[in-house]
Amino acid sequence: MAALVDATSQLPLSKFNYWERLIRSEYEMVLERSTRKRLRFWLKRRELLTWLDLISWDGYRRERALRAISEGAPNAFFFSMALRRLNDWVPQVRKAAIEKLPIIAKKTKPSHVVEALCVAFSNWNSWGRIEEAGKRALLRIASVEEVSEPFKEKLIFSTSGPMPSVFAQLGRTTTLDSNLFEIAERAIQPSVRAKAYRSLFEGRMVWIEGWKWEWKDIYRSEWKRKLILSERILDIPVSLMNLLEKSSEDRSSFVRRISAEFLIRNLENLGDNAYYFAQKFSLDSASPVSERGRFALKKLRESNCHNLS
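Here's a quick rundown of the structure.

Cut-offs used in this document
- Residues numbered from 1 in each chain as written.
- Predicted model: local features only at pLDDT ≥ 70, side-chain atom pairs only at ≥ 80, totals over all residues.
- Heavy atoms only, no water.
- Helix = DSSP H or I, 4+ residues; strand = E, 2+ residues; numbered from the N terminus.
- Rg over C-alpha atoms; globule rule 2.2 N^0.38 Å.
- Buried < 20%, exposed > 50% of the residue type's maximum accessible area, 1.4 Å probe, protein only.
- Contact = heavy atoms within 4.5 Å.
- Polar contact = N/O pair within 3.5 Å; in protein donor to acceptor, adjacent residues only side chain to side chain.
- Phe/Tyr/Trp six-rings, centres within 6.5 Å; stacked < 30°, edge-to-face > 60°.
- Lys NZ or Arg CZ within 6 Å of the ring centre and 35° of its normal.
- Expected span 1.5 Å × (residues − 1).
- Axes fitted to C-alpha atoms, helices over the stretch in contact; angles between N-to-C directions.
- Left-handed = near helix turned anticlockwise from the far one by under 90°.
- Nonpolar A, V, L, I, M, F, W, Y, C, P; charged D, E, K, R; others polar.
- Salt bridge = Lys/Arg side-chain N within 4 Å of Asp/Glu carboxyl O.
- Patch = residues over 30% accessible without salt bridge, like charges linked within 9 Å, V, L, I, M, F, W, Y side chains within 5 Å.
- Areas by Shrake-Rupley, 256 points an atom, 1.4 Å probe, with all protein chains shown as cover.

Section: the overall build of the protein chain
- Across its full length, the protein chain holds 16 helices and two strands.
- Whereas a compact globule of 309 residues would reach a radius of gyration of roughly 19 Å, the protein chain reaches 25 Å, over 25% beyond that.
- Dimensions of the protein chain, computed from the C-alpha atoms along their principal axes, are close to 100 × 55 × 30 Å.
- Counting only residues that meet the buried cut, the protein chain has 44% of its 309 residues in that class.
- Counted over contacts in the protein chain with a minimum sequence separation of 6, partners at least 24 positions apart contribute 66%.

Focus: the side chain of Ser-248
- Note on placement: Ser-248 falls in helix H13 (residues 240-248).
- From its side chain, Ser-248 meets the backbone oxygen of Leu-244 in a polar contact 2.7 Å long.
- Beyond its immediate sequence surroundings of up to four residues, Ser-248 is in contact with Arg-256, Ser-259, Phe-277, Lys-280 and Phe-281.

Things to note about the packing of aromatic side chains
- All chains considered together, the criterion is met by eight aromatic pairs.
- For the pair Phe-121 and Trp-124, a centre-to-centre distance of 5.0 Å together with 80 degrees between the ring planes defines the contact as edge-to-face. Each member of the pair, Phe-121 as well as Trp-124, carries the same accessibility label: buried.
- A centroid spacing of 4.6 Å and a plane angle of 5 degrees characterise the contact between Phe-201 and Phe-262, whose relative ring orientation is stacked. Of this pair, Phe-201 sits in helix H12 (residues 190-202) while Phe-262 sits in helix H14 (residues 253-265); the two residues are 61 residues apart in sequence, bridging distant segments of the chain. Here Phe-201 matches Phe-262 in class, with each residue buried.
- An aromatic cluster of three or more residues is present, and its members are Phe-16, Trp-51, Phe-77 and Phe-78.
- For Lys-135, the ring lying beneath its charged end belongs to Trp-124, and the centroid distance is 5.2 Å.

Some remarks on the side chain of Thr-108
- Checked against the element boundaries, Thr-108 lands in the loop between helix H6 (91-106) and helix H7 (110-123).
- Side-chain polar atoms of Thr-108 contact the backbone nitrogen of Ala-73, separated by 2.8 Å.
- A polar contact of 2.6 Å, which involves the side chain of Thr-108, links it to the backbone oxygen of Ile-104.
- What Thr-108 contacts, discounting residues up to four positions off in sequence, is Gly-72, Ala-73, Phe-79 and Val-113.

With respect to helix H9 (residues 145-157)
- The end-to-end C-alpha separation of H9 is 19 Å, in line with the 18 Å expected for 13 residues at 1.5 Å each.
- For H9, the set of buried residues is Val-147, Ser-148, Phe-151, Lys-152, Leu-155 and Ile-156.
- As for H9, its buried residues are in contact with H7, helix H8 (132-143), helix H10 (163-170), helix H11 (180-186) and H12.

Description of the packing of H14 against helix H15 (residues 273-282)
- At their nearest, the axes of H14 and H15 sit 11 Å apart, and the two run at 145 degrees to each other. Remark: the crossing between H14 and H15 carries left-handed chirality. Of the residues in H15, those in contact with Arg-256, Ser-259, Ala-260 and Leu-263 of H14 are Ala-274, Phe-277, Ala-278 and Phe-281.
- Each residue belonging to the contact of H14 with H15 can be placed in one class, and the counts come to six nonpolar, one polar and one charged.

Focus on the pattern of salt bridges
- With the rule as written, the count across this model stands at 23 salt bridges.
- Here Glu-209 ties to Arg-172 by a salt bridge, and the two come within 3.3 Å at their closest N and O atoms. Remark: Arg-172 occurs in the loop between H10 and H11 and Glu-209 occurs in strand E1 (residues 204-217); sequence separation between them is 37 residues.
- Two residues, Arg-198 and Glu-202, come together in a salt bridge whose shortest N-O distance is 3.4 Å.

What about a nonpolar patch on the surface?
- Together, Ile-208, Trp-211, Leu-227 and Leu-229 line one region of the surface with nonpolar side chains, adding up to about 350 Å² of accessible area.
- Structurally, Ile-208 is set in strand E1.

Laid out in structure tokens, this is it:
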């Protein structure tokens, strides 16, 4: 196992489908050659289950391997191997995964758990067999304090990867609610900061629940795929002025554009401060931001003329 752990630690989890098929194929060939050299009844009597049996072609063997695991995963690759059984094509294996994953996760290094969960959260909408119970099991693992803190650090310090979608899926729970301001200010990826600011401005977390097909043109038999969104209301006290001050100074025009958008939505609630921010955005170097700033100034002038009349 030591050599296998070293080898799999270098493999990117983003290509897990490929590595899983390759390892399964090679492992099955090794087992077949081994079976030819020994008596079958002897092998059956002293069956040895390993982590690799989690991806066996035999559903019974996958289930037995899951239930036999009594230790933590040696790296993120092997934890992903167990985690993906939530999308197994055998219902009994999925049930075993729901029961055993919290136990395995508790004994696994938190950084390995976070790395595997990030890939799962960014892809589970494409998993056709995972059930709601399986999703809840993953969210419960992510909500454990030993895992949620490294998750916050991962969101803040990751320079690439699907962190915005992972962040959105974690928004299903209250795990990161107390860290939203910190993420909004410190996250390296602008899209993550933008997601945090938007959530605070709107007072809700929004995530992609899935997709569904609906008719686009029934006469031409054309379909279109429609996005399904879900949301959760945030119970966090927020200062609109504080949010505007912080987001308007962000180094990314993507974030400043969101700030200008919410300025326009709240012009009537800001009093004289609305002119200050509108003027500030109108002078921004990014045209999407300056356009919104000029629009805000125009609305304020129109409102002022209306009041005078």
